Amino acid sequence: MAKVITVTNQKGGVGKTTTAINLAFYLAKAGESVLLVDFDPQGNASSGLGIEKQELSGTMSEVILGSVSMRDVLKETQCKGLWVAPATPELADTEVQMAGMNKKFIQLREALKGVEQDFDYILIDSPPSLSLLTVNGMIAADFLLLPVQTEFYALEGVAQLLESMKLIRKAMNPQLKLLGVLATMYDRRTALSGQVLAEVKKYFKDKVFETVIPRNVRLAEAPSHGVPIGLYDKFSKGARAYKELAREVVERTR
C-alpha cells in the first residue's frame with residue numbers, strides 16, 4: 001500500500017508545489033514508485049513536470065466527478081518511476097460541484113483506492129487555501145508535509161491548519177500524522193531567515209526536518225522548463241537539498 005503524503009499550506013508562495021514536484025522526483029530517483037496528484041486548480045505541478053495541458057483527455061476533474069478512474073488519467077513523466085495525475089483550472093469548477101455531493105469530503109480518498117497498490121508513495125499537491133479540495137487531500141493522506149517559508153508572517157495561518165488537522169483526525173481520518181515541517185526559501189545572508197527558522201523550530205520542535213530548502217535561482221527557473229530541479233541543474237543547492245529531504249522522508253515513513 002502506498003504511503004500518502006499531502007503537501008499543504010493555506011498560505012500561497014511558500015514553495016508547496018516546488019516541494020511536491022522535487023520530493024516526488026527524488027523519491028523516484030531513489031527507486032520508489034511515485035504518483036504525484038495535482039489537486040490544485042492552478043495545475044502548476046502538472047506543467048512543472050512537462051505535462052501539456054491542451055493534450056489531456058482526462059484530468060483530476062473527471063476523476064472526482066466519477067466519469068473516469070484515476071488510472072485512466074495517469075501520465076508518465078521524464079523520470080522513471082514518477083507518474084502524475086494532472087489538473088487544469090477546470091478543477092475550480094469541479095470543487096463547486098463537489099459541494100453538492102453526498103461524499104464530498106472523501107472523493108479523493110475513494111479515487112486513490114484504485115491505484116494505491118501500484119505505488120510506494122502518493123504525493124498530493126493541495127491548493128493554497130483551506131478549501132474543500134484541501135480537506136479532501138488531508139482526509140486521503142497518511143501524512144501531512146507542511147512547507148513554511150523563512151520570511152515574515154511565516155506562521156500566519158499555520159495554527160488554523162493544525163486545528164483543521166485535529167478535527168479531521170478526530171472525525172474522518174484518525175491515522176493522519178504531521179510528517180514534518182519544511183523550512184523553505186532560506187537565505188543565510190539575512191538575519192530574518194535565521195530568526196524565523198529558530199521560531200519555527202521552537203514552535204514545532206522535532207517535527208522540523210533537518211533539511212532546509214535555500215532560496216535558489218535554479219529552483220525558481222526549473223518549472224518554466226517543465227522539469228524538476230534534478231533534471232535542470234542536479235548540482236545546484238536546491239537539488240542537493242531536495243535529494244536530502246527525500247532521504248529524510250523515507251526514514252520518517254518507514
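A. Broad picture of the side chain of Ser46. As for its position among the elements, Ser46 is in helix α2 (residues 44-47). Engagement of the side chain of Ser46 in a polar contact is seen with the side chain of Asp38, the distance being 2.7 Å. Residues contacting Ser46, with those up to four places away along its chain left out, are Asp38, Ile51, Lys53, Val84, Pro86 and Ala87.

B. Geometry of the packing of helix α5 (residues 90-98) against helix α7 (residues 132-140). Packing of α5 against α7 brings their axes to within 9 Å, and their N-to-C directions diverge by 80 degrees. Compared by their axis directions, α5 and α7 come out roughly perpendicular. Along the contact surface, α5 presents Leu91, Glu95 and Met98, while α7 presents Leu132, Leu133 and Asn136. Looking at the contact of α5 with α7, its residues break down into four nonpolar, one polar and one charged.

C. Looking closely at unusual backbone geometry. Despite not being glycine, Met185 shows a phi value in the positive range, around 55 degrees. With respect to the helices and strands, Met185 occurs in strand β7 (residues 177-186). Unusually for a residue other than glycine, Lys205 sits at a positive phi of about 55 degrees. With respect to the helices and strands, Lys205 occurs in the loop between α9 (191-204) and β8 (208-214).

Parameters and conventions
- Residues numbered from 1 in each chain as written.
- Predicted model: local features only at pLDDT ≥ 70, side-chain atom pairs only at ≥ 80, totals over all residues.
- Heavy atoms only, no water.
- Helix = DSSP H or I, 4+ residues; strand = E, 2+ residues; numbered from the N terminus.
- Polar contact = N/O pair within 3.5 Å; in protein donor to acceptor, adjacent residues only side chain to side chain.
- Contact = heavy atoms within 4.5 Å.
- Axes fitted to C-alpha atoms, helices over the stretch in contact; angles between N-to-C directions.
- Parallel < 35°, antiparallel > 145°, perpendicular 65-115°, else oblique.
- Nonpolar A, V, L, I, M, F, W, Y, C, P; charged D, E, K, R; others polar.

Purely geometric numbers; function is a separate question.
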